[in-house]
Amino acid sequence: MGKIIRTITNNGEAVCIAVDATDIAERAQQIHKTSAVTSAALGRLLSAASMMGDMLKGKDDTITLRISGDGPAGSVIAVADSSGNCRGYVANPVVEIPLNNKGKLDVSGAIGNGTLTVMKDLNLKEPYVAQVPLVSGEIAEDITSYYAVSEQTPTVCALGVLVNPDLSIRAAGGFMIQLLPFASEETITKVEKGLEGLPSFTQMLSSGMTLESICKRALQEFEIEILDESAPEYKCYCSRERVEAALISTGKAELEDMAKDEKTEVSCHFCDAVYTFTSKDILALIDRCK
């Protein structure tokens with residue numbers, strides 16, 4: 001099971017949120033049959049979405065992250081609720097490209113150039129939508145850029161996914177440190193000093209460090225206090241009722257065309273659920289259209 005913790009420095013000027021998303025990334029790989037590099041891309045975005053969702057205040061609030069790149073992976077999407085539960089998919093789940101010049105999975109090469117779109121549904125009349133150009137396609141830097149440009153919040157983001165040779169997920173997750181608006185120059189300097197020589201998140205997680213110890217290591221110049229923790233999971237909210245509503249929204253003409261087939265199958269983008277509708281079922285939906 002996944003885990004998220006939120007911590008704050010003893011002077012109250014910086015917060016650190018960290019997530020162990022290993023199980024979440026593993027479930028995503030099982031559903032979408034992703035290759036190594038797309039597992040890394042999707043796992044990183046799911047980790048970011050989980051943390052950003054956990055920071056939402058409303059019980060029914062949700063956040064959607066969409067990376068639209070011109071690389072072979074195509075679009076990568078992750079959706080999270082305010083408990084950090086998340087789901088996602090990648091347009092092209094199997095991408096085989098060489099390792100980057102550091103000998104690591106080339107997430108940036110798989111994504112290419114493009115944009116990051118962040119949509120927050122806060123149950124208002126209109127959702128909050130912001131879009132920023134991709135800085136690197138490595139995702140962590142792009143999340144950092146989003147916070148700097150769209151929310152004017154100084155943020156340090158670290159994300160990582162370790163993929164085993166059999167394509168299972170060894171470790172996945174990340175952390176974000178954010179400075180509060182009244183943070184002093186001294187706090188900024190201490191945060192920067194604490195990050196010097198910091199191992200990668202997946203190195204720390206796979207070595208057995210807990211999320212609390214990772215936050216303490218990242219903010220080693222401070223005493224920290226845990227604010228709260230939760231156990232997010234890969235969670236899809238699809239249902240037959242929601243699929244029926246989606247089919248009805250396509251209109252009577254489209255449904256009449258579907259009714260010509262003996263059986264219509266609808267697959268959820270986010271999970272491995274398949275909903276089957278007979279011709280009789282489709283005709284019943286047509287009646288509901290009337």
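Here the structure is a predicted model, which means the values were calculated and not measured. (Residues numbered from 1 in each chain as written. Predicted model: local features only at pLDDT ≥ 70, side-chain atom pairs only at ≥ 80, totals over all residues. Heavy atoms only, no water.)

## Some words on the overall build of the protein
- Assigned secondary structure in the protein consists of ten helices and twelve strands.
- The C-alpha atoms of the protein give 21 Å as radius of gyration, which agrees with the globular expectation for 290 residues (19 Å, within 12%).
- Dimensions of the protein along its principal axes, counting C-alpha atoms only, are 70 × 45 × 35 Å.
- Put simply, 63% of the contacts in the protein that link residues at least 6 apart link residues at least 24 apart.
- Carbon and sulfur atoms make up 50% of the accessible area of the protein, which amounts to about 14,100 Å² in all.
- Charge separation in the protein, taken as the distance between the mean sites of 27 positive and 40 negative side-chain charges, equals 3 Å. (Helix = DSSP H or I, 4+ residues; strand = E, 2+ residues; numbered from the N terminus. Rg over C-alpha atoms; globule rule 2.2 N^0.38 Å. Contact = heavy atoms within 4.5 Å. Areas by Shrake-Rupley, 256 points an atom, 1.4 Å probe, with all protein chains shown as cover. Lys, Arg positive; Asp, Glu negative; His and termini not counted. Charge placed at Lys NZ, Arg CZ, Asp CG, Glu CD.)

## A look at helix α10 (residues 279-289)
- Buried residues of α10: I282, L285 and I286, and no others. Summarising the axial view, the buried residues of α10 lie within an arc of 105°, below the 170-degree limit, and thus occupy one face. Among the exposed residues of α10, those pointing more than 90 degrees away from its buried face are K280 and R288.
- The inward-facing, buried residues of α10 contact α8 (240-249), α9 (252-258) and β12 (274-278). (Buried < 20%, exposed > 50% of the residue type's maximum accessible area, 1.4 Å probe, protein only. Arc of directions from axis to C-beta.)

## Let's talk about empty space enclosed by the protein
- Taken as a whole and judged by the stated rule, the model has one cavity of 30 Å³ or more.
- If you add up the space inside the largest cavity, you get close to 30 Å³.
- Of all the secondary structure elements, the ones that give two or more residues to the lining of the largest cavity are α1 (22-32) and α2 (36-54).
- By residue number, the principal contributor to the lining of the largest cavity is α2, which donates four residues.
- The class makeup of the residues in the lining of the largest cavity is four nonpolar, four polar and no charged. (1 Å grid on protein atoms, 1.4 Å probe; cavity = no way out; pocket = protein on both sides within 12 Å on 5 of 7 lines; lining within 4 Å. Points joined across faces, edges and corners; volume = space filled by probe spheres on them. Nonpolar A, V, L, I, M, F, W, Y, C, P; charged D, E, K, R; others polar.)

## A short note on the nonpolar core
- Among the nonpolar cores identified, the biggest contains 66 residues, and M52, L65, L116, I139 and I143 are the most heavily contacted of them.
- With ten residues, the top contributor of residues to this core is α2.
- Discounting chain neighbours no more than four positions away, the residues touching I139 are A41, R44, L45, I67, V107, I111 and L159. (Core = buried A, V, L, I, M, F, W, Y, C linked by side-chain atoms within 4.5 Å.)

Scope: geometric values only; no functional claims are made or implied.
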